[in-house]
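Fold and contact review
Now for the letters of each chain:
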Amino acid sequence: MSETLANLLHEERRFPPPAALAAAANVDASAYAEASADGPAFWERQARRLHWHRPWTQALDWSRPPFARWFVGGQLNVAYNCLDRHVEAGHGDRVAIHWEGEPGDTRTLTYADLHRAVCRAANALTDLGVAAGDRVAIYLPMIPEAAVAMLACARIGATHSVVFGGFSAESLRGRIDDAGASVVITADGGYRRGKPSGLKAIVDEALAGCASVRHTLVVRRTGQRVDWVDGRDLWWHDTVETASDSHRAAAFDAEHPLFILYTSGTTAKPKGILHTTGGYLTQAAYTHHAVFDLKPDTDVYWCTADIGWVTGHSYIVYGPLANGATQLMYEGTPDTPHRGRFWELVEKYRVTLLYTAPTAIRTFAKWGDDVPAQFDLTSLRLLGSVGEPINPEAWMWYREHIGGNRAPVVDTWWQTETGAMMISPLPGVTAAKPGSAMRPLPGIGADIVDDTGASVPAGGGGFLVLREPWPSMLRTIWGDDQRFLDTYWSRFGAGAGSGGDWVYFAGDGAKRDDDGDLWLLGRVDDVMLVSGHNISTTEVESALVAHPAVAEAAVVGATDPVTGQGIVAFAIPRGGVDGGPELLAQLREHVARTLGPIARPRQIMLVQELPKTRSGKIMRRLLRDVAERRSLGDVTTLQDSTVMDLIAAGMSAPA
Ligand code: ATP
Ligand code: MG
């Protein structure tokens, strides 16, 4: 971005919290003032929600920026905090996980059950020679053993690296090698879209020629036939389920490495993000308490993310369990066996708090309002969104058709790197605007800056940065401090010896509206430069999605001889829409009317699907390749590579 980002979209709608929710909310408006007055002392208070085996002596050591140390000298055990202390407090009978398999089989694990399962797995891993600091790769479907495996690693101080079960052997091998894992925990397979998919076979392929892995632990989920390497491969039911369920949790340093997690790879080669123990758990637990307003005795919480993404780490495993939540965990896809599966589950388990992604919300909207309308969703009292900017019309659809115009929507901005939520409404405080993540959470110093690093005024747009260290911040990129410095801290960060402040560059564009509220505008790499104006792809997409004929849209800037870049849009029509040339002309006009003539797309193409990463994010760089008629870049993190073939074929056909 050479100048600031144009601010094209105006939003007047406001949705204040329901009075009852506000009156009983876990966190009220005083938290903002308290946090800004207290600095790191605010986070010390939040850290006291956890059990510390030994208290810290210093809240934050920032003497060697950007390498932070939080809660210096403190010691704790993450699994003890997520399990033992709840059992010891008399909550052993509370359900921790209501699990539902895709085929409809179910399991219920109380906190006492989960505690025993984690103790057994911790003993089994120790027997396999896994010690504190060793790395364990986890490649599992969405079954309770995924949470058990993560917590067992945390319990013994082993660093886990969870790899999403949809990744190929090659991606898995890359991640196992990079982390130097000695054990891989996997399953024979899992259920996706109505049929068993194989996981063990992919692990076998990934491990060919891999030196670091001594053992695999294999959960039997589908019962499919698997190959077996004697001496290396062990069944979970022979090894873990026969181990003792008594295990004493040792305390680890607050900065002990908890996990490595590779980013989803939307923009570049995935980075092995390293998170540590005390600060991470503090912020995961606090944000889950504050933003979801969790009442552990009465709420039923459901985060639909996969455990292979950071959302699954912080908001299925660590945050909710540290807070003693009762949650739903679902193995499969939202359209198996029918398109109402999610809503059937909300009705069945009386889910009160739901956390999902814009990609899912837009898909549900495309499938039609009549699907959720068939189910009783009145239990829902709060809705969350994460993963991409949420288009205002998708936000409105979510609020109306899922939240019954009653439940507040919280749009939560954060990244694998931030470890926990950073910008979000507080459900009992904020009068939310559809499409805006609103304000930095208490204790978080987010800002928007121009090219030179100066804050932009209200009404301006630019780069999202974080000005203050935060407890759950990444500590480095695993094995690559230099890439850590280059990627996040060199754009605006004070260079060595300059004496300035260290500023974290998030890689996202954002704007500040006239009220000072923040709007995320997509990746900096995705911002378009049209006739000298920086225009956000997100705003043009939101304008398209606001047209009744469009379900979902992706926009890119393609090189243009006249304007520098021209706006090229790919739009998925809603079911039943006739996509003739008239509609295309109408859509171009609609965007120009909504955002101004500068944003009128040069070209719009109707498509049936968009290229997405395996975590469901639109991959604009591939669409840019197509729009500029180049061969495609790296497609390994693409969910379905045939999508791109179809789009490329359509693009080269005469318009
Ligand atoms: P890579 O860094 O490898 O390209 P990635 O950025 O997709 O992968 P994640 O850490 O899973 O990997 O995603 C974080 C990004 O997702 C954010 O930087 C932002 O672009 C986007 N994002 C997440 N939540 C929101 C939100 N509420 N609003 C807008 N964007 C969001
Ligand atoms: Mg990223």
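Thresholds applied
Residues numbered from 1 in each chain as written. Chains lettered and ligands numbered in written order. Predicted model: local features only at pLDDT ≥ 70, side-chain atom pairs only at ≥ 80, totals over all residues. Heavy atoms only, no water. Near = heavy atom within 4 Å. Polar contact = N/O pair within 3.5 Å; in protein donor to acceptor, adjacent residues only side chain to side chain. Areas by Shrake-Rupley, 256 points an atom, 1.4 Å probe, with all protein chains shown as cover. Nonpolar A, V, L, I, M, F, W, Y, C, P; charged D, E, K, R; others polar. Salt bridge = Lys/Arg side-chain N within 4 Å of Asp/Glu carboxyl O. Helix = DSSP H or I, 4+ residues; strand = E, 2+ residues; numbered from the N terminus. Buried < 20%, exposed > 50% of the residue type's maximum accessible area, 1.4 Å probe, protein only. Axes fitted to C-alpha atoms, helices over the stretch in contact; angles between N-to-C directions. Parallel < 35°, antiparallel > 145°, perpendicular 65-115°, else oblique. Left-handed = near helix turned anticlockwise from the far one by under 90°. Contact = heavy atoms within 4.5 Å. Phe/Tyr/Trp six-rings, centres within 6.5 Å; stacked < 30°, edge-to-face > 60°. Lys NZ or Arg CZ within 6 Å of the ring centre and 35° of its normal. UniProt positions renumbered as here; feature names shortened; annotations may be inferred.

It is worth spelling out the site of ligand 1 at this point. Inspection of the region around ligand 1 gives 22 residues, with Thr 263, Ser 264, Thr 266, Thr 267 and Thr 416 positioned closest. Take Lys 617: an N or O atom from its side chain is 2.9 Å from an oxygen atom of ligand 1. Burial of ligand 1 by the protein chains amounts to 95% of its free accessible area of 640 Å². The residue inventory of the shell around ligand 1, partitioned by class, reads six nonpolar, nine polar and seven charged.

Moving on, we come to the pattern of salt bridges. Applying the stated criterion across every chain, the model contains 43 salt bridges. One salt bridge connects Arg 45 with Glu 34, and the closest N-O pair in it is separated by 2.9 Å. Highlighted residues: Arg 45 in helix H3 (residues 40-47) and Glu 34 in helix H2 (residues 30-38), separated in sequence by eleven residues. Taking the shortest distance from any N to any O, the salt bridge between Arg 350 and Asp 376 comes out at 3.2 Å. Taken together, the residues span a long stretch of sequence, with Arg 350 in the loop between helix H12 (341-349) and strand E18 (353-356) and Asp 376 in the loop between helix H14 (370-373) and strand E19 (382-385) at a distance of 26 residues. Its relative accessible area of 38% is what places Arg 350 among the partly exposed residues. One connected set of salt bridges, linked through shared partners, spans Arg 14, Lys 433, Arg 439, Asp 513, Asp 515 and Asp 517.

It is worth spelling out the packing of helix H7 (residues 169-179) against helix H8 (residues 200-207) at this point. Packing of H7 against H8 brings their axes to within 8 Å, and their N-to-C directions diverge by 55 degrees. Put simply, H7 runs oblique to H8. The handedness of the crossing between H7 and H8 is right-handed. Contact with H7, carried on its side by Ala 169, Leu 172, Arg 173 and Ile 176, involves Ile 202, Val 203, Glu 205, Ala 206 and Leu 207 of H8 and no other residues of that element. When grouped by side-chain class, the residues that make up the contact of H7 with H8 number seven nonpolar, no polar and two charged.

The next thing to look at is the packing of aromatic side chains. Enumeration over the complete set of coordinates arrives at 37 aromatic pairs. With 6.4 Å between their ring centres and 5 degrees between their planes, Phe 259 and Tyr 318 make a pair best called stacked. Of this pair, Phe 259 sits in strand E14 (residues 257-262) while Tyr 318 sits in helix H11 (residues 310-322), placing them 59 residues apart in sequence. The two residues Phe 259 and Tyr 318 agree in class, both being buried. Summarising the aromatic geometry, the rings of Phe 342 and Trp 343 are spaced 6.1 Å apart at their centres and angled 80 degrees between planes, so their arrangement reads as edge-to-face. Of the residues examined, Trp 343 reaches a relative accessible area of 1% and is grouped as buried. Lying across the ring of Phe 167, Arg 175 places its NZ or CZ 4.3 Å from the centre. The ring of Trp 519 is capped by Lys 511, whose NZ or CZ atom sits 5.3 Å from the centre of that ring.

Turning our attention to the packing of helix H13 (residues 358-367) against helix H15 (residues 392-402). Two elements in contact, H13 and H15, have axes whose closest approach is 10 Å; the angle formed by their N-to-C orientations is 70 degrees. Overall, the two elements H13 and H15 adopt an arrangement that is roughly perpendicular. Side by side, H13 and H15 meet where Ile 361, Arg 362, Phe 364 and Ala 365 of the first sit next to Ala 394, Trp 397 and Tyr 398 of the second. Looking at the contact of H13 with H15 residue by residue, the classes come out as six nonpolar, no polar and one charged.

Quick look at the UniProt feature "domain: AMP-dependent synthetase/ligase" (unreviewed entry) in the chain now. Within this structure's numbering, the places UniProt gives as "domain: AMP-dependent synthetase/ligase" (unreviewed entry) are residues 89-470. Strand forms 21% of residues 89-470 and helix 31%; the C-alpha atoms that close the span are 30 Å apart.

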